[in-house]
Amino acid sequence: MAAPFRSCDHCGKPAVVHNTVIVNGKVIEHHLCEEHAAAVTGQPVGPVPINALLGQLAQVGAARARGPTCPSCGLTFHDFKSTGLLGCARCYDTFAATLVPVLERAHGGATQHVGRVPPAGDAAIKHRNEQLERLARELGAAVAAERYEEAARLRDMIHALRPQAPDAPGTGSAGAAPPRGSVP
Amino acid sequence: MSMPGALRPTDDSDVVMSCRVRLARNVAGMPFVGRSTHPQRREALEAIRSACGTAEATGSLVAAAGATGPLAWVDMPSMPARDRQLLWERHLISRNFADGDSPRAVALTQDERFSMMVNEEDHLRVQVLRPGNALRAAFDAAMAVDAALAARLDFAFHPRLGYLTACPTNVGCGIRIGVMVHLRALRLTNELEKVKRAAKELHLAHRGFHGEGTDATGDWFQISNQRTLGIAESELLEVLAARVVPAIVNWEREARRALVERQRLLVEDRVHRGVALLQAARLLTLDEAMKQLSTVRLGVSTGLVGGPSLDTINRLTIEIQSAHLRAADPSIEGDDDERAARARIMRAAFGVA
Ligand SMILES: [Zn+2]
Ligand SMILES: [Zn+2]
């Protein structure tokens, strides 16, 4: 095994199948435990010839490539849909477009936090500004390379990150409320 | 409420067994637990433990939680399965957290008023627990714990979405404010719908004795907020502490009064049968014990029977669970041993040898 201690993409168990596939020019790594490898291929791991398994995993990879992949943790849209869990902080920006309806359903239409903020509020703002800078750079590169789908996605992410004026359009009724809550 | 304080038990413990405030937090700059390798999980655990484990940090966390020290750190993978289940039965850890072998730990004070799960679904799950209805006290303590933690750890926070959690249903405040209530009378009078409807209208969740996806074993229910985004922590507290909990407490008391006034014989019959069964049984399944205990609790809280105090009955609901029985009596092997031990505990509690 190349990686000494990887856990399964879907659960915490040790991965026994490690595979790298290239889909649309993107390198995607799969690490699966015995159970999930079996679930993916529909067969237990043991008796299946390894190349048959790899072929099937490549197909899974192709299916997964629909929708964005988190550049920070590698979570695919498929992963998110199957577990309902996000992989890292950046996933919230990566899957922003899909998340808005999910959040609205779960939180009575709200998409804007109004509660406590960490005492290091300045650090959060600094972090946001860094993210905005990085996204703006990526947007420039995407437009230059005529990757318009990606550019549109980046624009959405930048829009979602920007502090909103109270009457900003398109933020939904509950989402337009300005932050209140306690600031320690 | 307009009711004079003297007429109302201060802690509503006839209906409210306990209250809990839980927080979900993630360490900034690290992938969430489900997306982390074992070394990354170990790293997150170490980061949290070294930030919270010093004598100075422990002191301020325990003081903020209003708990009594010391804070014990327990490594989960090296803990025997029975002890993990014991922590689950005490509502200190979740079922998922009890199983598995990935790096994770629980920190808890001896009085159980304060506990933290590290590497559950989120890096940090904090719990402040109080017996009876002490929601405001539990809330204040949880907020103080959050501040003490934030002074030591950098949490993943999004300027628009708030505290970031692995599951989008917890994002924003990352808080669950909840009570465990005993609604035996409302169930007998078929009025539980009232509670469920009110919960739904106010975006609250109702679950069974052991959380999500479990039956309401013996008429115990957990009520907690579902929304965490677009609403401030203090508003969530007000919805529960000022509206929902007093309403549920009054409904249950009203149902108890109505039962005793209008159907006294029927209730007495059930309660006394319950006592007799618990005094006589030599083998008790958990389900049967919980059911009878629930009915007896109704009898004790309405003064229809003497018997064990409400505190004792509350304690029994925990102590008759499987891992608790096995921890108290290591000679237990099979299910029959367990049922026999459960029956012995009941007979002792009800004054029969
Ligand atoms: Zn797996
Ligand atoms: Zn991610």
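Heads up: the structure comes first, above all this text.
No experiment lies behind these values; they were computed from the predicted model shown. (Residues numbered from 1 in each chain as written. Chains lettered and ligands numbered in written order. Predicted model: local features only at pLDDT ≥ 70, side-chain atom pairs only at ≥ 80, totals over all residues. Heavy atoms only, no water.)

Draft legend 1. Looking closely at the coordination of the zinc ion (ligand 2). Residues and elements named next belong to chain A. C70 (SG), C73 (SG), C88 (SG) and C91 (SG) make up the full set of protein donors to the zinc ion (ligand 2), lying at 2.3 to 2.4 Å. Metal-centred angles of 99 to 121° between the four donor atoms at the zinc ion (ligand 2) mark the site as tetrahedral. Mapped onto the polypeptide sequence, the residues donating to the zinc ion (ligand 2) form the spacing pattern C-x2-C-x14-C-x2-C. You can see C70 sitting in the loop between α2 (50-64) and α3 (77-83) and its partner C88 sitting in the loop between α3 and α4 (91-94), a full 18 residues away along the chain. In this structure, C70 and C88 share a single accessibility class: buried. (Donors = N, O, S within 2.8 Å, 3.2 Å for Na, K, Ca; no water. Tetrahedral: all angles 85-135°; square planar, octahedral: opposite > 155°, others 65-115°. Helix = DSSP H or I, 4+ residues; strand = E, 2+ residues; numbered from the N terminus. Buried < 20%, exposed > 50% of the residue type's maximum accessible area, 1.4 Å probe, protein only.)

Draft legend 2. Spotlight on the environment of B:R42. All names here are of chain B. Here R42 is to be found in helix α1 (residues 38-52). Residue classification places R42 among the partly exposed positions, given a relative accessible area of 40%. Once the C-alpha coordinates of R42 and R104 are considered, the two residues, 62 residues apart in sequence, prove to be 7.5 Å apart.

Draft legend 3. Quick look at the packing of helix α2 (residues 55-65) of chain B against helix α5 (residues 135-150) of chain B. All names here are of chain B. Between α2 and α5, whose axes approach to 7 Å, the crossing angle comes to 160°. Classified by the angle between their axes, α2 and α5 sit roughly antiparallel to one another. For the pair α2 and α5, the crossing hand works out as right-handed. Counting all contacts with α2, which are made through L61, A64 and A65, the residues of α5 involved are A141, A144, V145, A148 and L149. Tallied by class, the residues present in the contact of α2 with α5 amount to eight nonpolar, no polar and no charged. (Axes fitted to C-alpha atoms, helices over the stretch in contact; angles between N-to-C directions. Parallel < 35°, antiparallel > 145°, perpendicular 65-115°, else oblique. Left-handed = near helix turned anticlockwise from the far one by under 90°. Contact = heavy atoms within 4.5 Å. Nonpolar A, V, L, I, M, F, W, Y, C, P; charged D, E, K, R; others polar.)

Draft legend 4. A look at the interface of chain A and chain B. Between chain A and chain B, the contact holds 44 residues from the first and 43 residues from the second. Roughly 3600 Å² of surface becomes buried between chain A and chain B when both sides are summed, with 59% attributable to carbon and sulfur atoms. Ranking the residues of chain A by area buried against chain B places A:Y92, A:H107 and A:R116 at the top, with a combined share of 21%. Summed over the shared surface of chain A and chain B, the result is two salt bridges. Two residues, B:R35 and A:D79, come together in a salt bridge whose shortest N-O distance is 3.7 Å. At the boundary of chain A and chain B, one finds 17 residue pairs in polar contact (both at pLDDT 80 or more). Secondary-structure elements contributing two or more residues to the side of chain A that touches chain B are α3, α4, α5 (96-106), α6 (121-144) and α7 (148-161) of chain A. (Buried area = accessible area lost by both parts, 1.4 Å probe. Salt bridge = Lys/Arg side-chain N within 4 Å of Asp/Glu carboxyl O. Polar contact = N/O pair within 3.5 Å; in protein donor to acceptor, adjacent residues only side chain to side chain.)

Draft legend 5. Region of the structure containing the packing of helix α9 (residues 264-280) of chain B against helix α10 (residues 286-301) of chain B. All names here are of chain B. Running from N to C, α9 and α10 point in directions that differ by 130°, and their axes come no closer than 8 Å. By the angle between their axes, α9 is oblique relative to α10. For the pair α9 and α10, the crossing hand works out as left-handed. For the pair α9 and α10, the contacting residues are V267, R270, V271, G274, V275, L277 and L278 in the first and E288, A289, Q292, L293, T295, V296, L298 and G299 in the second.

Draft legend 6. Main features of the sheet that holds strand β1 (residues 16-25) of chain B. All names here are of chain B. Ordered by their spatial adjacency, eight strands build an open sheet running β2-β3-β4-β5-β1-β8-β10-β9, and the pairing between neighbours is antiparallel. The sheet is open, and its two edges are formed by β2 (71-75) and β9 (204-207), each paired on a single side. Here the strands of the sheet are splayed against their neighbours by 20° on average, with no regard to which way each runs. Against the sheet, helix α7 (residues 192-201) engages β9 and β10 (220-225), with an angle of about 140° to β9. (Pairing = 2+ DSSP bridges.)

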